[in-house]
Structures are given as C-alpha cells and as structure tokens.
Amino acid sequence: MTEGGPHWTADVTTNTLYLRQCGEIRRVPRAAPGSRPSGAAIMATAMVSEAETGPELEPAAEFLSVAKKRSKRKRKLELETGAANMETEQPQPQPRKRPEFPAVSGQQLVDGKDEIRKIAVPAHRYTPLKENWLKIFTPIVEHLQLQVRFNLKTRNVEIKTCKNTQDIASLTKAADFVKAFVLGFQVEDALALIRLDDLFLETFDITDVKPLKGDHLSRAIGRIAGKGGKTKFTIENVTRTRIVLADSKVHILGSFQNIKMARTAICNLILGSPPSKVYGNIRAVANRAAERF
C-alpha cells in the first residue's frame, strides 16, 4: 500500500469496516450473509482489495488525440482573418509633407535658350495686320514681356522669349492671340485669350459634317449666316461665343462648354434644320446651363 493512501481496518465482532484517510475516520458496515451489499460497502471492499493487491496495471498504449477535420471554408476564413489581423497590426506609415520649392523663372525653364513661335499670315490678312499692328504689338510686349516681329520674307509673325519673360506660358497665349486675329477675329475679341485662361479656338469644315458641293454648300453657308448675319449673331449672343465664317470653314472662340453648344447649333443648320427650331434648342440648353451654374 502506498504511503499517504487510505488505511483500512476491520472489526470482525461488529462486522464493520473503518476507513481512515486524511485524518478522517468513516464507518462502513458490512453486509450480512445472504443479503445484498450496499453501494458504499461494495466501494469500500473494492478499495480494500486495491489497497492490498496494489493498483491495476494501466494499458501500455495511450490514447492519441485526433483533431477534428475542418472544412475548407473554415480554414479559408481563418487564413483571411489572420492575414487581416497581421495587416492591421503593421504600423501605418506617416504621411509625408509635400516639399516646397521656390518658383522657377521662365528663363530657367528653357535652360537659357530662347523659344520662338511662328504664325503664318495669309495674303488677305496683310492689310488688317498692318492697320492693327500697334494693338497687337502692345499687349504682347508690355504685358507678356515677349519680343515680336513680322518677317517680310517668310510672311510670318515671330514671337520670342527674352530674359524679362516671367511665365513660360505667355508664349502660348501670345501665339493663340495672333492666330485668332489671323483667322478673322477682331483684336478686342482675340485679346480675351490673353486675359482669360479658359478660352479656346476650334476650327472645322462644313464638309466634315455633311459632304456638300456647289449650290448645296452655298445654301448651308447661307443658313449659318442668316439674312444680314442675323442667325450667326443670335448663336453668338446665346452661347457667348464668337464665330467667323471663312468660305467653308467655321472658327469658334469661347469656353469649352459654349463652343460645344455653338458647334451643335451650327451642325444642325448644316444638316437642314430650320433656324427657328435651332434657336429654341440652343436657348433651352443655355437656360439649363445658367441654372446649373
């Protein structure tokens, strides 16, 4: 019997078993001969026999724990959850401040080289150019700080940057200004290209919309112009653009949205729509645009 285990003693005269364990004595009566023993007596008898004969031998082979097979869906969910936890645990990078650099002058942008733009002048625009040369020369030289000249040999207007040029975009503005005047716009209208940034030029041919020839082409041009230029002026006032009709070419000056409205109206006239219907359409579109803004 092992040390510290239960100690049993039997009293034959009283037919009683005594259990001494952990300092406590319990009295368990034995069953009488021919009677059914109680549960406590059976347990006491078993414990006495175990104490006398020693504990039963344990099986040599131990039970192996088998893990329950998980479904693919659960494993996939666990992998995704673990990956998400790893991503959240990673430290977030701190946003970097945007670097601040000093403004670069136009002379530094071109690496010390002077840029030049040339605009060809057709023969029918020589006289208007000569008459309005002072109006063209002044804003280019005084406001944009550029150099300009008219080359008599090549018949081109040449615009060039210099050391006094502050903005490199001034060269593009001046070229658009001269080009608009050469296409037939008034100097006052073309000057808006220098003052404003959201103005553009668009040119298209009537035959691009519909292949017309002869009298059909002449009637299409007449529908765009109207009697005494009434239709053209109406489209200009409603869409806030400027339109030039040069033979079969149409030039439009204005903002992107206004050019789109004017081009749609002109295309409808070329395709044969009556002017009254075109007026109603462009007025409705102009009113919606005014309400939107």
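For the structure, check the block above.
Residues numbered from 1 in each chain as written. Predicted model: local features only at pLDDT ≥ 70, side-chain atom pairs only at ≥ 80, totals over all residues. Heavy atoms only, no water.

1. A short note on the sheet that holds strand β8 (residues 242–246)
Turning to step 1, where the next piece is worked out: One open sheet accounts for three strands, arranged β7-β9-β8; its pairing is antiparallel. A strand with exactly one partner marks an edge of an open sheet, and here the two such strands are β7 (200–205) and β8. When strand polarity is set aside, the average angle formed by the axes of neighbouring strands in this sheet is 15 degrees.
Turning to step 2, where the next piece is worked out: Pairing analysis gives five bridges linking β8 to strand β9 (residues 249–254), with the strands arranged antiparallel. (Pairing = 2+ DSSP bridges. Helix = DSSP H or I, 4+ residues; strand = E, 2+ residues; numbered from the N terminus. Axes fitted to C-alpha atoms, helices over the stretch in contact; angles between N-to-C directions.)

2. What to know about the pattern of salt bridges
Close approach of charged atoms allows side chains of opposite charge to pair.
Turning to step 1, where the next piece is worked out: Following the criterion strictly, the structure yields seven salt bridges and no others.
Turning to step 2, where the next piece is worked out: Residue E158 is joined to R149 by a salt bridge in which the shortest nitrogen-to-oxygen separation is 2.7 Å.
Turning to step 3, where the next piece is worked out: Here E158 falls in the buried class, since its relative accessible area comes to 6%.
Turning to step 4, where the next piece is worked out: Two residues, R263 and E202, come together in a salt bridge whose shortest N-O distance is 2.9 Å. In this pair, R263 sits in helix α12 (residues 256–270) while E202 sits in strand β7, placing the two residues 61 residues apart along the sequence.
Turning to step 5, where the next piece is worked out: You can call R263 partly exposed: its relative accessible area is 26%.
Turning to step 6, where the next piece is worked out: Take E202: its relative accessible area is 25%, and that puts it in the partly exposed class. (Salt bridge = Lys/Arg side-chain N within 4 Å of Asp/Glu carboxyl O. Buried < 20%, exposed > 50% of the residue type's maximum accessible area, 1.4 Å probe, protein only.)

3. A look at the packing of aromatic side chains
Turning to step 1, where the next piece is worked out: Overall, the coordinates contain two aromatic pairs when judged by the stated rule.
Turning to step 2, where the next piece is worked out: Centre to centre, the rings of Y126 and F150 are 6.4 Å apart; their planes meet at 65 degrees, and the pair counts as edge-to-face. Note that Y126 is positioned in helix α4 (residues 126–131) and F150 in strand β5 (residues 147–151), a separation of 24 residues in sequence.
Turning to step 3, where the next piece is worked out: Across the ring face of F181, the terminal group of R125 is positioned such that the distance to the ring centre comes to 4.8 Å. (Phe/Tyr/Trp six-rings, centres within 6.5 Å; stacked < 30°, edge-to-face > 60°. Lys NZ or Arg CZ within 6 Å of the ring centre and 35° of its normal.)

4. Side note on the pairing of strand β6 (residues 156–160)
Turning to step 1, where the next piece is worked out: Counting buried positions along β6 yields four of five residues, so the element is predominantly enclosed.
Turning to step 2, where the next piece is worked out: As paired strands, strand β4 (residues 116–120) and β6 are joined by five bridges and run antiparallel to one another. For K118, the partnering residue across the bridge sits in β6 and is E158.
Turning to step 3, where the next piece is worked out: Sheet topology note: the β5/β6 ladder contains five bridges and is antiparallel. Its bridge partner lying in β6, V148 is registered against I159.
Turning to step 4, where the next piece is worked out: Connecting the antiparallel pair β5 and β6 is a turn made up of four residues, with R155 showing a positive phi of about 55 degrees.

5. Here we look at the nonpolar core
Turning to step 1, where the next piece is worked out: Ranked by internal contacts, the top residues of the largest apolar core, which has 27 residues, are I136, I140, L146, V157, I159, F177 and V178.
Turning to step 2, where the next piece is worked out: For this core, the secondary structure elements donating two or more residues are α5 (133–143), β6, α6 (170–183), α7 (187–190) and α8 (192–195).
Turning to step 3, where the next piece is worked out: When residues in this core are grouped by element, the largest group, eight residues, is from α6.
Turning to step 4, where the next piece is worked out: Here I159 is in contact with E115, I116, R117, I119, I140, L146, Q147, V148, L171, A174, A175 and V178, once residues within four sequence places are set aside. (Core = buried A, V, L, I, M, F, W, Y, C linked by side-chain atoms within 4.5 Å. Contact = heavy atoms within 4.5 Å.)

6. Some points on α5
Turning to step 1, where the next piece is worked out: Within the sequence span of α5, burial applies to I136, P139 and I140. Taken down its axis, α5 places every buried residue within 95 degrees of arc, on the same side. Exposed residues pointing more than 90 degrees away from the buried face of α5 are listed as L134 and E142.
Turning to step 2, where the next piece is worked out: Elements in contact with the buried residues of α5: α4, β5, β6, α6 and α8.
Turning to step 3, where the next piece is worked out: Looking one or two places after α5, you find Q145, whose phi comes out positive at around 55 degrees. (Arc of directions from axis to C-beta.)

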